[in-house]
Amino acid sequence: MAKAECVFGSFNESVQSTLSSDSCEYYQTEIFDLLPSVQAVRSQQDSYDMLKSSEAFRSGGPRPDEAFGAESQSRGPRDKLSLQPLRDLPICMQGKRSARERRKMQISNIGFWESWRRSQSINRKRVWAHMREAGASLLPWKHTLHKIQGRFGVGVKSYFVFLRYLIYLNLLHCALISGFILGPTGFYGKNSREWLRFGGDDSVLDFLVGTGLLARSPVFFGFYTRGSLDHDCLNTPLLYLAGILCIIFLSLIMVVRRTIVGYKHTWMLEKRTSMNVSFKVFCGWDYTIQHSKSAELKQSFIRNDLKLFLEERKFNLKKAQRTLGQKLRLYLLRFILNLIVVFLLGGAFTLIYYSTNVSLKESNQVWILRLILQYLSPITITSVDLVLPQIFRKISSFEDYSLTVQVNATLVRSIFLKLASLGIYLFFLFKTTSRMCRENQIGIQMYKLCIFNFLTTFCNTFLVNYPRKWKRPTCLLVRLCGRQRFLIPFKVLDLVYIQTVFWVGVYYCPLLPMIGVVSLLVIFYIQKFGVLRCCEAEQRMFRASSSSVLFHFMLLLGLVMAAAAPIVDFHLAERTNTISCGPLKNETVLTVTETCVKSLPDSVQNVLKYLSSQAFALPLLLGEIIILTSYVSRGRANRKAIERLKDMLIMCSSDKRFLVKQHATLLRGPKNPNRVRPAAVEQKRPLHGAP
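Rules behind the numbers
- Residues numbered from 1 in each chain as written.
- Predicted model: local features only at pLDDT ≥ 70, side-chain atom pairs only at ≥ 80, totals over all residues.
- Heavy atoms only, no water.
- Helix = DSSP H or I, 4+ residues; strand = E, 2+ residues; numbered from the N terminus.
- Buried < 20%, exposed > 50% of the residue type's maximum accessible area, 1.4 Å probe, protein only.
- Contact = heavy atoms within 4.5 Å.
- Areas by Shrake-Rupley, 256 points an atom, 1.4 Å probe, with all protein chains shown as cover.
- Disulfide = S-S within 2.5 Å.
- Core = buried A, V, L, I, M, F, W, Y, C linked by side-chain atoms within 4.5 Å.
- Phe/Tyr/Trp six-rings, centres within 6.5 Å; stacked < 30°, edge-to-face > 60°.
- Lys NZ or Arg CZ within 6 Å of the ring centre and 35° of its normal.
- Axes fitted to C-alpha atoms, helices over the stretch in contact; angles between N-to-C directions.
- Parallel < 35°, antiparallel > 145°, perpendicular 65-115°, else oblique.
- Left-handed = near helix turned anticlockwise from the far one by under 90°.
- Nonpolar A, V, L, I, M, F, W, Y, C, P; charged D, E, K, R; others polar.
- Patch = residues over 30% accessible without salt bridge, like charges linked within 9 Å, V, L, I, M, F, W, Y side chains within 5 Å.
- Salt bridge = Lys/Arg side-chain N within 4 Å of Asp/Glu carboxyl O.
- Lys, Arg positive; Asp, Glu negative; His and termini not counted.
- Charge placed at Lys NZ, Arg CZ, Asp CG, Glu CD.
- pLDDT = per-residue confidence, 0-100.
- Arc of directions from axis to C-beta.
- Expected span 1.5 Å × (residues − 1).
- Bend = angle between axes of the 7 residues up to and from the residue.
- Polar contact = N/O pair within 3.5 Å; in protein donor to acceptor, adjacent residues only side chain to side chain.

A.B. asks: Run through the overall build of the chain, naming residues and quoting values.
C.D. replies: Each helix and strand counted, the chain has 25 helices and zero strands in total. Counting across all 691 residues of the chain, residues that qualify as buried make up 37%. Taking as baseline every contact in the chain between residues at least 6 positions apart, the subset at least 24 positions apart corresponds to 75%. Carbon and sulfur atoms form 63% of the exposed surface of the chain, whose accessible area is close to 41,600 Å².

A.B. asks: Give me the lowdown on the state of the cysteines, citing residues and values where you can.
C.D. replies: Considering all chains together, one arrives at one disulfide under this definition. Shown here is the disulfide that connects cysteine 233 with cysteine 596, its sulfur atoms set 2.1 Å apart. Taking the sign of the torsion about the S-S bond as the criterion, the disulfide between cysteine 233 and cysteine 596, at about 115°, is right-handed. Placement of the pair is cysteine 233 in the loop between helix H9 (206-209) and helix H10 (236-271) and cysteine 596 in helix H22 (residues 589-598), with a sequence separation of 363 residues. Its sulfur unpaired, cysteine 509 is 7.5 Å from the next cysteine sulfur, which belongs to cysteine 450.

A.B. asks: Requested: an account of the nonpolar core, with residues and values cited.
C.D. replies: The nonpolar side chains of soluble globular proteins are, as a tendency, buried together. Counting 91 residues, the largest nonpolar core has Phe160 and Met554 as the members making the most contacts within it. Each residue touching phenylalanine 160, except ones within four places of it in the same chain, is listed here: Leu145, Ile148, Phe486, Phe524, Gln527, Lys528 and Val531. Grouped together as the second largest cluster of nonpolar side chains are 11 residues, Leu337, Val341, Phe349 and Leu388 included.

A.B. asks: Quick one: what's the story with the packing of aromatic side chains, residue by residue and with numbers?
C.D. replies: Ring pairs (aromatic) are described by centroid distance and by the angle formed between their planes. Enumeration according to the criterion identifies 20 aromatic pairs in this entry. Each ring, one from tyrosine 224 and one from tyrosine 240, has its centre 5.9 Å from the other, and the planes form 55°; the classification is tilted. Of this pair, tyrosine 224 sits in the loop between H9 and H10 while tyrosine 240 sits in helix H10, placing them 16 residues apart in sequence. The same class applies to tyrosine 224 as to tyrosine 240, namely buried. A connected cluster of aromatic rings, assembled from ring pairs, spans Phe221, Phe223, Tyr224, Tyr240, Tyr507 and Tyr508. The cationic tip of arginine 258 hangs over the ring face of tyrosine 165; the distance from NZ or CZ to the ring centre is 4.1 Å. In this structure, lysine 448 is placed above the aromatic ring of tyrosine 375, and the distance from its NZ or CZ to the ring centre is 5.7 Å.

A.B. asks: Can you tell me about the packing of helix H19 (residues 488-505) against helix H20 (residues 512-534), naming the residues and giving the values?
C.D. replies: Two elements in contact, H19 and H20, have axes whose closest approach is 10 Å; the angle formed by their N-to-C orientations is 170°. Classed by the angle they form, the pair H19 and H20 counts as roughly antiparallel. Relative to H20, the crossing made by H19 is right-handed. Where H19 abuts H20, its residues Lys491, Leu495, Ile498, Gln499, Val501, Phe502 and Gly505 lie against Leu512, Gly516, Ser519, Leu520 and Gln527. When the residues that make up the contact of H19 with H20 are grouped by side-chain class, the tally is six nonpolar, five polar and one charged.

A.B. asks: Tell me about a positive patch on the surface, and name the residues and values.
C.D. replies: A contiguous patch of positive charge, built from Lys147, Arg151, Lys469 and Arg533, is present on the exposed surface. Mapped onto the elements, lysine 469 comes out in helix H17 (residues 438-469).

A.B. asks: Can you tell me about unusual backbone geometry, naming the residues and giving the values?
C.D. replies: With the exception of glycine, the majority of residues adopt a negative phi angle, and the majority of peptide bonds are in the trans configuration. A positive phi is found at tryptophan 141, a non-glycine position, where the angle reads about 60°. Within the secondary structure, tryptophan 141 sits in the loop between helix H6 (112-137) and helix H7 (142-152). Exposure remark for tryptophan 141: the relative accessible area of 16% places this residue in the buried category. One non-glycine residue, aspartate 400, lies in positive phi territory at about 60°. Here aspartate 400 is to be found in the loop between helix H15 (376-398) and helix H16 (403-432).

A.B. asks: I'd like a description of the confidence of the model for the chain, backed by residues and values.
C.D. replies: Per-residue pLDDT for the chain has a mean of 75; in total, 73% of the residues score no lower than 70. Below a pLDDT of 50 lies the segment residues 1-28, which in the model reaches 52 contacts outside its immediate sequence neighbourhood of four places, other chains included. In this model residues 62-81 is a low-confidence stretch, pLDDT under 50, and it forms 20 contacts with partners more than four residues away in sequence or in other chains.

A.B. asks: Residues and numbers for a nonpolar patch on the surface, please.
C.D. replies: Together, Leu332, Phe335, Ile336, Leu339, Ile340 and Phe343 make up an exposed nonpolar region whose accessible area comes to about 610 Å². Here phenylalanine 343 is to be found in helix H13 (residues 324-359).

A.B. asks: Got a sec to walk through the pattern of salt bridges? Specific residues and values, please.
C.D. replies: In this structure the tally under the stated criterion is seven salt bridges. Ionic pairing is found between aspartate 400 and arginine 322, a salt bridge with its closest N-O pair at 2.8 Å. Of the two residues, aspartate 400 is situated in the loop between H15 and H16 and arginine 322 in the loop between helix H12 (292-320) and H13; the sequence distance between them amounts to 78 residues. By relative accessible area, arginine 322 is classed as buried at 16%. The partner of lysine 598 in a salt bridge is glutamate 594, with the nearest N and O atoms 3.3 Å apart. With lysine 598 and glutamate 594 both in helix H22 and four residues apart, this pair spans about one turn of that helix. Its relative accessible area of 58% is what places lysine 598 among the exposed residues. Accessibility expressed as a relative area gives 42% for glutamate 594, which makes it partly exposed. Through salt bridges with shared partners, a single network forms among Lys318, Arg322 and Asp400.

A.B. asks: Explain the environment of cysteine 233 residue by residue, including any values.
C.D. replies: Overall, cysteine 233 belongs to the partly exposed group, its relative accessible area being 32%. In this structure, the C-alpha to C-alpha distance between cysteine 233 and valine 592, residues 359 residues apart in sequence, is 8.7 Å. Those residues in contact with cysteine 233, other than ones at most four positions away along the chain, are Leu238, Cys596, Ser599 and Leu600.

A.B. asks: Summarise the packing of H13 against H15; cite the residues concerned and give the values.
C.D. replies: Running from N to C, H13 and H15 point in directions that differ by 175°, and their axes come no closer than 10 Å. Comparing the axis directions of H13 and H15 gives the class roughly antiparallel. Of the residues assigned to the contact of H13 with H15, the class counts are 18 nonpolar, five polar and no charged.

A.B. asks: An account of H22 is requested, with residue identities and associated values reported.
C.D. replies: Listed as buried for H22 are Val589, Val592 and Cys596. Seen end-on, H22 carries its buried residues on one side only, within an arc spanning 75°. Pointing more than 90 degrees away from the buried face of H22 are the exposed residues Leu590 and Lys598.

A.B. asks: Tell me about helix H8 (residues 154-188), and name the residues and values.
C.D. replies: Over its 35 residues, H8 extends 50 Å from the first C-alpha to the last, a length consistent with the 51 Å expected when each residue adds 1.5 Å. When the local axis directions of H8 are compared, the greatest deviation, roughly 45°, occurs at serine 178.

A.B. asks: Account for the side chain of threonine 461, naming residues and giving values.
C.D. replies: As for its position among the elements, threonine 461 is in helix H17. In this structure the side chain of threonine 461 is engaged in a polar contact, spanning 3.1 Å, whose partner is the backbone oxygen of threonine 457. Contacts of threonine 461, omitting those with residues within four sequence positions, involve Tyr466, Ile526, Phe529 and Gly530.

Now the structure itself:
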């Protein structure tokens, strides 16, 4: 409607000789009654009023025409946006002045407390708006993300936004670890500092392998003991478990929230609302840009958006022209390709199984061979995760999907590969690791996975991609491999995989989130160097909104697997009835929690027993049904509201076209001084002979 106001403002200027400036408030003029939106609403309102008045007349009320006339007289222009700031109202300056006068009249008519309440509400909104702006200005790498978006599109930018979100998430994990685990251990721990000194068997390689000095440090599970803080419900084991549970639940809340918000945004904007090219061209420019580089970035962003739009329209046209025979052949081809994917996944899992059995065996080889054997499982998992996603990418290109669907299909297959390979590796570790302090051994394996993933990212950027940039285009290797491009699906898969490793290993390696923050920060700058110095922009773009939802959904799957891993480990540890090291030494989770529960008052114990009994299941189920029903009802109401807003947008477009036609007609037609003037103007015209 803001554009309609602008068009109507130019219309007022062109016919200023016949209309006064007060006609900017178009609801007071006769042209307002001719708008298509007003006529449509008036016809619906008239039918509703006639039906309502006829029902009242049957029940003994007034006549329909009398009721309709009375209600029509009672209706008038109202300021429905009385609490909205004047600068946000889509009306001209004269209309804003009138709205301000009406608000002053309303304030003078209401009481003191109501006026104070409205002023405080407006002030709170302004404060929150300023706080949001200040928080947005403090976000790091804002200029870098804007530069990447201008050169490579919003899809590549979504990867770096996702990486920044993971850094924030791990920083929050570090705060929880410091409060629940490191703080109590530092104040009440009994570990000697001599353990943190270099011994005769220690070496620098221990920082790569996770043994020696590093195994005795606070990095791993075995370092933490009960200490002097040894109450029934306040001790090191319970604080350790509480810290891990807080990390899991807080991560679950944050990831689910971002997934739901992204899904709502995608559902409303991508599938349900069509935005034409004229909107992208004429309304996509940012008029606050003052620098030439920013203008070039904005032009590049609009160009990439138009490429994506045209690519999707081209694919939809091609899809609509398929015949029945072409569809059958395509479905058969997709079935065969999916069978190939299943066979590749089975072979990868078998290879991981054999490599895990070999790496866990003791060996007396040379230190180089021993180091390679200890890293055999991470090498195998990383190699499989590097090769098979490339094969999946080639397979998805033969399935004749759109580029966005190809990206999502590759993501789904590759994340299943990564999570399933990690899950199988953990299961083999739980089954085969039976040495002293098995929790430390599992933590060491997670530590080696993180270190090797970081080394792979570093070497791939500086030893493969960067030298590849300096190859001549005539080189045979460059012609075979093609130009280096930033492959978003595989980069996001690496982030989801490494974050899943952080979540799985935080129980066995409490300082893993701190290691993760450092590694993710370095990975951010490595990937920034790679994308700006070594990569070229994609010729085909894909929409990032649906893929960002898939990013967080895959992260949610990794979190579920990370939460299930300690539960499986606890179940396997119950067979031996004890844990050999750490805060739960010679105990289990059940014994520690049972001791705490028995020390509580009887009333609290009864409440806990009721909450864990089957009698509480029925009210819990009823409460969930009520909550879900309310959410479903709200969803339906919001869906109807969205449909009404779409109709309003369509009618606004009709109003714009009507105003443009009226403007063109008045410009082409001769000026008639005896033309009938609008009622609002005639009322303000002074009478002849008036002073």
